[in-house]
Amino acid sequence: LAKTTQPISMDSYEGQEVNITCSHNNIATNDYITWYQQFPSQGPRFIIQGYKTKVTNEVASLFIPADRKSSTLSLPRVSLSDTAVYYCLVGDPISNDYKLSFGAGTTVTVRA
Amino acid sequence: ETGVTQSPTHLIKTRGQQVTLRCSSQSGHNTVSWYQQALGQGPQFIFQYYREEENGRGNFPPRFSGLQFPNYSSELNVNALELDDSALYLCASRQLTGSVGEDNYGYTFGSGTRLTVV
């Protein structure tokens, strides 16, 4: 599985936009980029997934440049409840042996 | 949808004992994975089952074993418990549909079982 690199931590304030960039220089042709969110003592929760360009849902946006060697998760107007660990993963979700390889993630702390 | 449920939620075992953790996959999901998450770290892949057969294993010793049943529920068994086995154990499931679309995002996780080995 391609390795990903993301910042260890980020601080923000309520109402601001938070952008977390993830590097995945060795991403394979069939790999998608997926982001999960995890609160303490809970399992990770799927946020968003994309292959190229831009994907947006009700929670976040995912920006992927043409070379796909990096991606940016954008959380608009964060609130205190967005304080969590965010994981960036790459892999081929079509494959029946698709598994998730988590790194340390980015701890996002939102302050009032 | 009932989501992924795990039992028990908390467990305390003594070193050397054996433990069985259980997972009920989300309805319709045919793939289940198990992860170990130590405090302050990301989840580490243990193994995965697809239609009752193991189709992937992480860097865990053979004393970590599992089963997936015809109804796609699953068990994780750990023998000869060690203190370092203390962790949150997560089960995740998904439905492999063969194409990536709105309904094939990825894995749905349970809330985990907190295992403490003393």
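Please refer to the structure higher up on the page.
So, here is what we can say about the structure in this document. (Residues numbered from 1 in each chain as written. Chains lettered and ligands numbered in written order. Predicted model: local features only at pLDDT ≥ 70, side-chain atom pairs only at ≥ 80, totals over all residues. Heavy atoms only, no water.)

### Quick look at the overall build of chain A
A tally of regular secondary structure across chain A gives 0 helices and 9 strands. Scanning chain A from its N terminus toward the C terminus, one meets helices and strands in the order β-β-β-β-β-β-β-β-β. Taken over the C-alpha trace, chain A has a radius of gyration of 13 Å; the compact-globule value for 112 residues is 13 Å, and the two agree within 12%. Considering only C-alpha atoms, chain A reaches an extent of 40 × 30 × 25 Å along its principal axes. Counting over 112 residues, chain A shows a buried share of 46%. Of all intrachain contacts in chain A linking residues separated by at least 6 positions in sequence, the fraction that spans at least 24 positions is 57%. In the form shown here, chain A has an accessible surface area of approximately 5,400 Å², with 48% of it arising from carbon and sulfur atoms. Across chain A, 9 positive and 9 negative side-chain charges occur, with their mean positions spaced 4 Å apart. (Helix = DSSP H or I, 4+ residues; strand = E, 2+ residues; numbered from the N terminus. Rg over C-alpha atoms; globule rule 2.2 N^0.38 Å. Buried < 20%, exposed > 50% of the residue type's maximum accessible area, 1.4 Å probe, protein only. Contact = heavy atoms within 4.5 Å. Areas by Shrake-Rupley, 256 points an atom, 1.4 Å probe, with all protein chains shown as cover. Lys, Arg positive; Asp, Glu negative; His and termini not counted. Charge placed at Lys NZ, Arg CZ, Asp CG, Glu CD.)

### Brief notes about the side chain of R63 of chain B
Residues and elements named next belong to chain B. Among the structural elements, R63 can be located in the loop between β6 (53–57) and β7 (64–68). At 3.3 Å, the side chain of R63 and the side chain of E82 are in polar contact. Not counting chain neighbours up to four residues away, the residues in contact with R63 comprise N77, V78, N79, A80, L81, E82 and D85. (Polar contact = N/O pair within 3.5 Å; in protein donor to acceptor, adjacent residues only side chain to side chain.)

### What to know about the sheet that holds strand β7 (residues 70–75) of chain A
For sheets, the rule is that strands pair by backbone hydrogen bonds, running either parallel or antiparallel. All names here are of chain A. Reading across the sheet, the 4 strands line up as β2-β7-β6-β5 and stay open at both edges, with antiparallel pairing between neighbours. Two strands in the sheet have a free side with no partner beyond their single neighbour: β2 (18–23) and β5 (53–56). The sheet shows a mean angle of 15 degrees between the axes of neighbouring strands, direction not considered. The pairing of β2 with β7 spans 6 bridges and is antiparallel. (Pairing = 2+ DSSP bridges. Axes fitted to C-alpha atoms, helices over the stretch in contact; angles between N-to-C directions.)

### Examining the sheet that holds strand β8 (residues 84–91) of chain A
Residues and elements named next belong to chain A. Here we have 5 strands laid out as an open sheet, ordered β1-β9-β8-β3-β4, and mixed in their pairing. The sheet is open, and its two edges are formed by β1 (9–13) and β4 (45–50), each paired on a single side. Each strand axis lies, on average, 25 degrees off the axis of its neighbour in the sheet, ignoring direction. Sheet topology places strand β3 (residues 32–38) next to β8; 7 bridges connect them, and they run antiparallel. Of the residues in β8, the one forming a bridge with T34 is L89.

### Some points on the packing of aromatic side chains
Counted according to the given criterion, the structure contains 12 aromatic pairs over all chains. Judged by centre distance (6.0 Å) and plane angle (85 degrees), the ring pair of Y36 of chain A and F46 of chain A falls under edge-to-face. Of this pair, Y36 of chain A sits in strand β3 while F46 of chain A sits in strand β4; the two residues are 10 residues apart in sequence, bridging distant segments of the chain. For the pair formed by Y36 of chain A and F46 of chain A, the shared burial category is buried. Each residue in the set Y36, F46, Y87 and F102 of chain A together with Y35, F45 and F109 of chain B is aromatic and connected to the rest through ring pairs, giving one cluster. In this structure, R68 of chain A is placed above the aromatic ring of Y51 of chain A, and the distance from its NZ or CZ to the ring centre is 3.9 Å. (Phe/Tyr/Trp six-rings, centres within 6.5 Å; stacked < 30°, edge-to-face > 60°. Lys NZ or Arg CZ within 6 Å of the ring centre and 35° of its normal.)

### Structural notes on the environment of T4 of chain A
Residues and elements named next belong to chain A. Along the chain, the position of T4 falls in the segment before β1. Each C-alpha atom of the pair T4 and H24 lies 4.7 Å from the other, and the pair is 20 residues apart in sequence. Beyond its immediate stretch of four places on either side in the chain, T4 contacts C22, S23, H24, C88, L89 and V90. A polar contact of 3.2 Å, which involves the side chain of T4, links it to the backbone oxygen of C88.

### Considering the state of the cysteines
All chains considered together, the criterion is met by 2 disulfides over all chains. C22 of chain A shares a disulfide with C88 of chain A; S-S distance 2.1 Å. Taking the sign of the S-S torsion, -80 degrees for the link of C22 of chain A and C88 of chain A, the bridge is left-handed. Here C22 of chain A is found in strand β2, whereas its partner C88 of chain A is found in strand β8, with 66 residues between them in sequence. In this model C23 of chain B forms its disulfide with C91 of chain B; the gap between the sulfur atoms is 1.8 Å. Measuring the twist about the S-S bond at about -65 degrees, one finds the C23 of chain B-C91 of chain B disulfide to be left-handed. (Disulfide = S-S within 2.5 Å.)

What is shown is where atoms sit, not what they do.
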